[in-house]
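Chain by chain, the residues:
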Amino acid sequence: GRFMEGWYFKVATGGGSFAFMYSIENPNSLEPPAGLGAQVMGPEDTYTVQYTRDTRRFWASRDKLELGGAFRLAKGVAEYPSGMVGEGEFAGRVERGFQVSSTWHQGHLSLESQGVGGYIEPGVKECSWAYKTARVHGWGNSAGRQIATAGLLAALPVFEPHWQILMSYGLSTGWIKWGSKTYEFENAPSYSEKNWGEGFPKRWFWIQCNTFGDKECTSLTAGGGRRTLPFLLGQDEDVALIGIHHKGRFIEIVPWNGEVSWNVSPWGSWVIKGKTKGFSVELEAKTSSPGTVLRAPTVEGLIPVCKDTFEGSLTMKVWENGTLIIDRTSDSAALEVGGGPWWDTWVGDAEMKEPLRSLTSGLTDVEAPLC
């Protein structure tokens, strides 16, 4: 059957944010929609992509966060990498490609969009980067073990796709060259997540922000989607979550332990509210940026299905037992809407249909996958 896996790495350099998005579809196949894609979104919502149908050029570790791809080898090199190598060795062996682990990320790409669907205006034709990362928060309390995003829903093959936040807050140091401009950064806020399964929800929204500029390393990830429940004769349900890391604490609002509701426009406005166990959260995000369309893996291959911006104005308020404990704003939140069609504003709330509600009502934390 069909299988896709995608990884997302974001870093806010101070001079602008970047997101690196890698996707592999139907690995070990050369037939469409099989393919290896590397998309990069840059400052002022600019974009570039490199793509190949040859999935043999991709590799990944089975038990830890390490992956890479080689679109083009250096002259005289015949063997593709099959694991992480040193910075200099990678630069000498791979002319166009990438490698990334939980602590190191480097690559060099040039625009090559043959085989992908649709057209997205490229902001640059070439980019390269190298930076190291130290994790501050994964997903869960800082002193505890990493837990699965949305618990059991990410651990079992019920919802598509599975979703895991790998790092909600990290500190990255290095450089990124975007076209002719080089961005150097030290201890820049960074974030990473992954998806895997057959495909994305029918439609979805997403907010991520760890650029509040505070010493507490506050990070927010919120998202929701309309997913199909395969064992309920194709019924859909709307699910959503809010996750906040602040001062080492983790506040998570999911359908089985609280309430999440939203009012999200086709573009420009995201309002999400949640309540659980003494906590209430209000998120309001807006953008005047037109954003950029991004591609995502689908049954038709890597095609335009979502729109993103790094220029979101976000207000986040959190109350604990009626007392305001977090009041943060940012002008560099990452915002997204996807799927559709989005003809009008989506007003909804997360509701879990039986038998899943009963199955998850006594849910304990499920340990997260490593990669």
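Up top is the structure these notes are about.
Keep in mind the model is a prediction, meaning the values are calculated, not measured.

Conventions adopted
- Residues numbered from 1 in each chain as written.
- Predicted model: local features only at pLDDT ≥ 70, side-chain atom pairs only at ≥ 80, totals over all residues.
- Heavy atoms only, no water.
- Pairing = 2+ DSSP bridges.
- Helix = DSSP H or I, 4+ residues; strand = E, 2+ residues; numbered from the N terminus.
- Axes fitted to C-alpha atoms, helices over the stretch in contact; angles between N-to-C directions.
- Disulfide = S-S within 2.5 Å.
- Buried < 20%, exposed > 50% of the residue type's maximum accessible area, 1.4 Å probe, protein only.
- Salt bridge = Lys/Arg side-chain N within 4 Å of Asp/Glu carboxyl O.

Caption draft 1: How the structure looks around the sheet that holds strand 2 (residues 17-25). Strands sit in the order 4-3-2-1-11-10-9-8-7-6-5 across an open sheet of eleven strands; the sheet is antiparallel. Lying at the two open borders of the sheet, with one neighbouring strand each, are strand 4 (46-52) and strand 5 (58-60). The sheet shows a mean angle of 20° between the axes of neighbouring strands, direction not considered. The sheet contact formed by strand 5 and strand 6 (residues 66-73) spans three bridges and is antiparallel. Considered in strand 6, the bridge of A60 is made with L67.

Caption draft 2: Just the state of the cysteines, in detail. As enumerated under the stated definition, the model contains zero disulfides in all. Summary of cysteine pairing: C127 is not part of a disulfide, and the nearest cysteine sulfur, belonging to C306, is at 18 Å. C127 sits in the buried class, given a relative accessible area of 2%. Considering cysteine sulfurs only, C209 is the nearest to C217, which forms no disulfide, with 13 Å between them.

Caption draft 3: Examining the pattern of salt bridges more closely. Per the stated rule, a full pass over the model turns up 15 salt bridges. Between E5 and K194 there is a salt bridge whose closest N-O contact spans 2.6 Å. Of this pair, E5 sits in strand 1 (residues 4-12) while K194 sits in strand 11 (residues 181-197), and the two are 189 residues apart along the sequence.

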